[in-house]
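Here are the chains, one letter per residue:
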Amino acid sequence: MEIDLTEYTKFFIAMIAIVDPLAILPLYAQLTSNLSDHDKTRMARRVALATFAALTVALFLGQYILSFFGISIASFRIAGGLLLMIMAFQLIYLPMAEQVGGSESGTIDTQVVVPLAIPLLAGPGAFSTVIVFSFRNDTWWHYGLISACIVLLGLITWIALHMAGKILRHVSATGIAITVKVMGLIMAAIAVEFIANGVRALVTA
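Because the structure is predicted, anything quoted here is derived from the model rather than measured.

1. With respect to the overall build of the chain
- When its secondary structure is counted, the chain shows ten helices and zero strands.
- The helix and strand sequence of the chain, counted from the amino end, reads α-α-α-α-α-α-α-α-α-α.
- Within the span of the chain, comprising 205 residues, buried residues form 41% of the whole.
- Restricting to contacts in the chain with at least 6 residues of sequence separation, those with at least 24 account for 89%.
- For the chain, the accessible area works out to roughly 10800 Å², and carbon and sulfur atoms hold 69% of it.

See below:
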């Protein structure tokens, strides 16, 4: 089955909206406030790499995990859509502090990488989107293009975190809040698509 390149563009835009690195910049800046510039650069790289690795695992092993547990793609689409809808409502209605929460005690690497890369960036919504889209085709170029999107997403994440200080100095809290709300609306629309496609597949099965 051929997939138009615009589908991959939509997938990439959806992943940017779901991962939304701008939304975690205030938390990242807070968690790394006591680090040197060198350590901040290293931490941004680690978070981006962890996000890329987690989404890549979802891409290449997600289908096998679903098969092992006997979960149909239609059911997974509905579950993923409901999960995305909850996340979208959180982005739209909850204050930033409630969305990101706090981090547990431990090393600074764990405090930064674990909450930020997983589950805030590479969370259930991102996993669901990658796995669902991977079912669209089984050719090598399909997986190659998805991998390229994930690589680009990791690069954007790294750039955003690396420039967190500069971005936050030039963007007001209101600007960040508006961006987060718009991303929430986009995520809600994606969730509706997931649920509708899943229900349609179950009804026609």
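2. A look at the environment of I78
- Relative to the helices and strands, I78 resides in helix α4 (residues 73-93).
- For the pair I78 and G198, spaced 120 residues apart in sequence, the C-alpha separation works out to 5.2 Å.
- Once residues lying within four places of it in the same chain are set aside, the contact partners of I78 are F194, I195, G198, V199 and L202.

3. Let's talk about the packing of aromatic side chains
- In this structure the tally under the stated criterion is five aromatic pairs.
- With centroids separated by 5.4 Å and ring planes inclined at 85°, the aromatic side chains of Y8 and F133 adopt a geometry described as edge-to-face. Placement of the pair is Y8 in helix α1 (residues 5-19) and F133 in helix α7 (residues 124-134), with a sequence separation of 125 residues. For the pair shown, Y8 and F133 are each scored as buried.
- Taking the centre distance of 5.7 Å and the plane angle of 25° together, the rings of F60 and Y143 count as stacked. Here Y143 lies in helix α8 (residues 140-162) and F60 lies in helix α3 (residues 37-69), a separation of 83 residues in the sequence.
- Following the ring pairs from residue to residue traces out a cluster consisting of Y8, F11, F133 and W141.

4. Here's the deal with the pattern of salt bridges
- All chains considered together, the criterion is met by three salt bridges.
- Residues R136 and E7 are paired through a salt bridge, measuring 3.5 Å at the closest nitrogen-oxygen approach. Residue R136 is located in the loop between α7 and α8, and its partner E7 is located in helix α1; the two are separated by 129 residues in the primary sequence.
- Sharing partners across several salt bridges, the network here consists of E7, K10 and R136.

5. Topic: α8
- In a regular helix each residue adds 1.5 Å, so 23 residues correspond to 33 Å; α8 covers 32 Å between its end C-alpha atoms and thus fits that length.
- Within the span of α8, buried status applies to H142, Y143, I146, C149, I150, L153, G154, T157, A160 and L161.

6. Focus on the nonpolar core
- Residues M15 and L55 are the most contacted members of the largest nonpolar core, which totals 51 residues.
- Every element with two or more residues in this core is listed here: α1, α2 (25-31), α3, α4, α6 (108-121), α7, α8 and α10 (173-204).
- No other element matches α3, which puts eight residues into this core.
- Among residues more than four places away in sequence, those in contact with L55 are M15, A122, A126, F127, V130, I150 and L153.

7. Here's the deal with unusual backbone geometry
- Look at D20: it is not a glycine, yet its phi comes out positive at around 50°.
- Looking at the secondary structure, you find D20 in the loop between α1 and α2.

8. A closer look at the confidence of the model for the chain
- Taken over all residues, the pLDDT of the chain has a mean of 81, while the share at 70 or more is 86%.
- Within the chain, the element-level pLDDT minimum falls on helix α5 (residues 96-100), averaging 47, and the maximum on α8, averaging 94.

The rules we used
Chains are numbered independently. Their residues run from 1 in the order of the written sequence. A pLDDT threshold of at least 70 governs which residues receive local features in this predicted model, and a stricter bar of 80 or more applies before side-chain atom pairs are shown or counted, although totals over entire chains, interfaces and linings include all residues. Based on all heavy atoms of the structure, the side-chain values leave hydrogens and waters out of the count. We count a stretch as a helix when DSSP gives it H or I for four or more residues in a row; a strand needs E for two or more, and each element gets its number in order from the N terminus. Note on classification: 1.4 Å probe, protein chains only; a residue is buried when its accessible area is under 20% of the maximum for its type, exposed when over 50%, partly exposed between these limits. Contact criterion: two residues are considered in contact whenever any of their non-hydrogen atoms come within 4.5 Å of each other. In this description, accessible areas are obtained by the Shrake-Rupley approach with a 1.4 Å probe, and a residue is regarded as covered only by the protein chains that are shown. Each Phe, Tyr or Trp ring, with Trp reduced to its six-membered ring, pairs with another whose centre is within 6.5 Å; inter-plane angles below 30 degrees give stacked pairs, above 60 give edge-to-face pairs, and intermediate values give tilted ones. Within this document, salt bridges are pairs made up of a side-chain nitrogen of Lys or Arg and a carboxyl oxygen of Asp or Glu, the two lying within 4 Å of each other. Each residue after the first adds 1.5 Å to the expected span of a helix. Take the buried Ala, Val, Leu, Ile, Met, Phe, Trp, Tyr and Cys residues and link them wherever side-chain atoms come within 4.5 Å; each set so joined is a nonpolar core. Confidence of the predictor in every single residue is expressed as pLDDT, which spans 0 to 100.

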